[in-house]
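Structural features, examined
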Amino acid sequence: MTSHDHDGPDIDLDALARKYVEEREKRLRADGVGQYQSLSGKFASFDTDPNAPPDFDRDPVRRQADVVVIGGGYGGLLTAVQLRKRGVNNIVILEKGADFGGTWYWNRYPGIRCDVESYIYMPLLEETGYIPSEKYARGAEIYEQCRLIAEKFDLYRDTLFQTLAETLAWHEDRQCWDVATNRGDTIEARFVVSATGLYSSPKLPGIPGIEQFEGPSFHTSRWNYDFTGGNAEGNLTGLAGKKVGIIGTGSTGIQCVPPVAEYAEQLYLFQRTPASIDVRGNRPSDVEWFKSLPPGWQRERMMNFTALTSGVAQDEDMVNDSMTNLFRQPDATPGGRFQDINSEERNKAEILRMETVRQRVDSIVKDRKTAEALKPYFHYFCKRPGFSDNYLQVFNRPNVTLVDTAGKGVERVTPRGLVVDGQEHELDCIIYATGFDFMTSYARESGLTVIGREDTSLEAHWKHGARTLFGMQTRGFPNFFVLTLVQAGVSFNYLHTADAQSIYLADLISHCLENNFGSVEPTAEAEDEWVNLCLERSEARLKFLANCTPSYLNYEGQQSEEFALNSPFGGGPLPYFEYLEEMSREGFASRLEFKALVES
Ligand code: N01
């Protein structure tokens, strides 16, 4: 069959389908997610915070709080803001970094920007009066906006920075959690919200010899500006005369490659799978337009984007960018059929989109062999799509070499460099743009030991995958809430999911405080029902991902019960938001079990 059967360019669809399968098979590995390692051993030092005062010290804190929020990224900030708005003021925020920002605190690599429109990504724009400077804001600006939110809602006074929550233990008799930190703090909390982030646990490839390299090497989320010079804006003068290797071509790699290419003597980019690189089209914000927006515009715009990108047809595309464009295909509209990820219409739209992505490579990259190697052969949504107007262009520079590993990855690390296909590439520095643990193990990603009722650890409880109500609550762990995408309705704009979750949690916690409830947890029936619904509704997504090239989105191609349970709620974000709103509206009358506060 060719795409003559449809509108659009003439594509041999059968040959393309075979090519997708071939490319996928090249990348499947028996070790799956086990191919990665966290920052341990020699690399434990990677985990030191280059942005924090190294000699920080303080006395341990002992206190009681209504709520402990773990994490000062957007998830933690939104939760604290919503609690504040409901008059819940006895809050302690525990944050590993020396300031707010989470992902945007840690990730300061050159070129960093948001890949979702800032007008829907940066929350609370109406409350703070902040106008993002560009449609896709720089990382430093997003970090500053996190700080602005914390100032506006007076959260600095409640926060212990450079403090790592380590252990949470539930005390049924006192109906509270004892929260212990790495600084000897003990906080007795009635409620705990874990907002430790989606990308908080950097991972490295388990390449043989990785500990042997003698030059500087670092993960992108711990960028070593002492070595490279400059800052997130560029000016990496320390790279003059240096041969730099970057491993990884995901969203991070494609953002940091252009500035490194500009300053390094030689850049070798080690590619395992080419990313899809679509048009970015960034531009400065139109301030007059911004000021003319009516109250409530931000949630309306967020909803429009989330609905459209989850396949629900909209009359208007407010964000109108390369991300939403796919869902504006003519076939996307009737009856929201685009919601079905395996539908013929969607399959066709994704194929055509990928074809334009491949044609774009040809139109920009001059060297034919390099251009061929940069073309992605997988369904558009098998990986998070990339957007850039300066990444493909770097391959026309004489100082940039694409080292294509044909799906195999880097073979070996030596004291002097990296080996691919038996050839050693000598390097002065290696930069790992190799991503983060993502929805694999809550215990590993959060670094928390959580001991619930009857001394049960959450790690053991979720050994074979998560069991939750709405992704946020789990039976046996009363008054403990997780902000996560596991078993939650996911928007391409994570901040929309976090917004809905933080409102639900703040409503629920204030409901408990107002009604003198000592504890709340899901009923066994409600939890089972949600888990079963998640599994049932995930079938279509899992079927789609099963045929995808490996990535963190599909557990590196491994099918397992754990992967199915740790997946998002397959019913989509809009029904998920509706569940949460319904619970709040109805005063949480169903699905939850409350116990009265025990008088001490
Ligand atoms: O990480 P990734 P990331 N040899 O896991 C490669 C968010 N984000 O940090 O594709 C050679 O996507 C690996 O290869 P392959 C965003 O949600 C947001 O880039 O697996 N290469 C891949 O290319 C994003 O999805 C923004 O074959 C090896 C790369 O390392 C998420 O963060 C900006 C290898 C890892 O890519 C993670 O993105 C940046 C090996 N042995 C990030 N092992 C925003 O703008 C791995 N790789 C909001």
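These lines cover the structure that appears in this document, whether it is placed above or below. Because the structure is predicted, anything quoted here is derived from the model rather than measured.

**A short note on the site of the ligand**
Looking at the ligand, there are 27 residues lining it, with Arg-113, Thr-252, Thr-273, Lys-383 and Tyr-552 nearest. Take Thr-249: an N or O atom from its main chain is 2.9 Å from an oxygen atom of the ligand. In this structure, Tyr-552 approaches the ligand through a side-chain N or O atom, which is 2.4 Å from an oxygen atom. A breakdown of the residues in the shell around the ligand according to their chemical character gives 12 nonpolar, 10 polar and five charged.

**Notes on the packing of aromatic side chains**
Across all of its chains, the model carries 37 aromatic pairs by this definition. Ring geometry for Tyr-105 and Tyr-143: centres 6.1 Å apart, planes at 65 degrees, overall edge-to-face. In this pair, Tyr-105 is assigned in helix H3 (residues 103-106) and Tyr-143 in helix H6 (residues 139-152), connecting sequence segments 38 residues apart. Across the pair, exposure class does not vary: Tyr-105 and Tyr-143 are buried alike. Taking 5.6 Å as the distance between ring centres and 40 degrees as the angle between the ring planes, the aromatic pair formed by Phe-327 and Phe-381 counts as tilted. Linking Phe-327 in the loop between helix H11 (322-325) and helix H12 (344-364) with Phe-381 in the loop between helix H13 (368-373) and strand E13 (386-387), this pair joins segments that are 54 residues apart in sequence. The class for Phe-327 is buried, based on a relative accessible area of 4%.

**Topic: the state of the cysteines**
The full count for this structure, using the stated rule, is one disulfide. Residue pairing for Cys-382: its cysteine sulfur links by disulfide to Cys-548, the two sulfurs lying 2.0 Å apart. Of note, the bridge from Cys-382 to Cys-548 carries an S-S torsion of about -75 degrees and is left-handed in sense. Here Cys-382 is found in the loop between H13 and E13, whereas its partner Cys-548 is found in the loop between helix H17 (524-546) and helix H18 (561-565), with 166 residues between them in sequence. When sorted by exposure, Cys-382 lands in the same class as Cys-548, which is buried. Looking at the unpaired Cys-429, the closest cysteine sulfur is the one in Cys-256, lying at 11 Å. Among the residues examined, Cys-429 registers a relative accessible area of 0% and is labelled buried. Distance from the sulfur of Cys-534, which forms no disulfide, to the nearest cysteine sulfur (Cys-548) is 20 Å.

How each quantity is defined
- Residues numbered from 1 in each chain as written.
- Predicted model: local features only at pLDDT ≥ 70, side-chain atom pairs only at ≥ 80, totals over all residues.
- Heavy atoms only, no water.
- Near = heavy atom within 4 Å.
- Polar contact = N/O pair within 3.5 Å; in protein donor to acceptor, adjacent residues only side chain to side chain.
- Nonpolar A, V, L, I, M, F, W, Y, C, P; charged D, E, K, R; others polar.
- Phe/Tyr/Trp six-rings, centres within 6.5 Å; stacked < 30°, edge-to-face > 60°.
- Helix = DSSP H or I, 4+ residues; strand = E, 2+ residues; numbered from the N terminus.
- Buried < 20%, exposed > 50% of the residue type's maximum accessible area, 1.4 Å probe, protein only.
- Disulfide = S-S within 2.5 Å.

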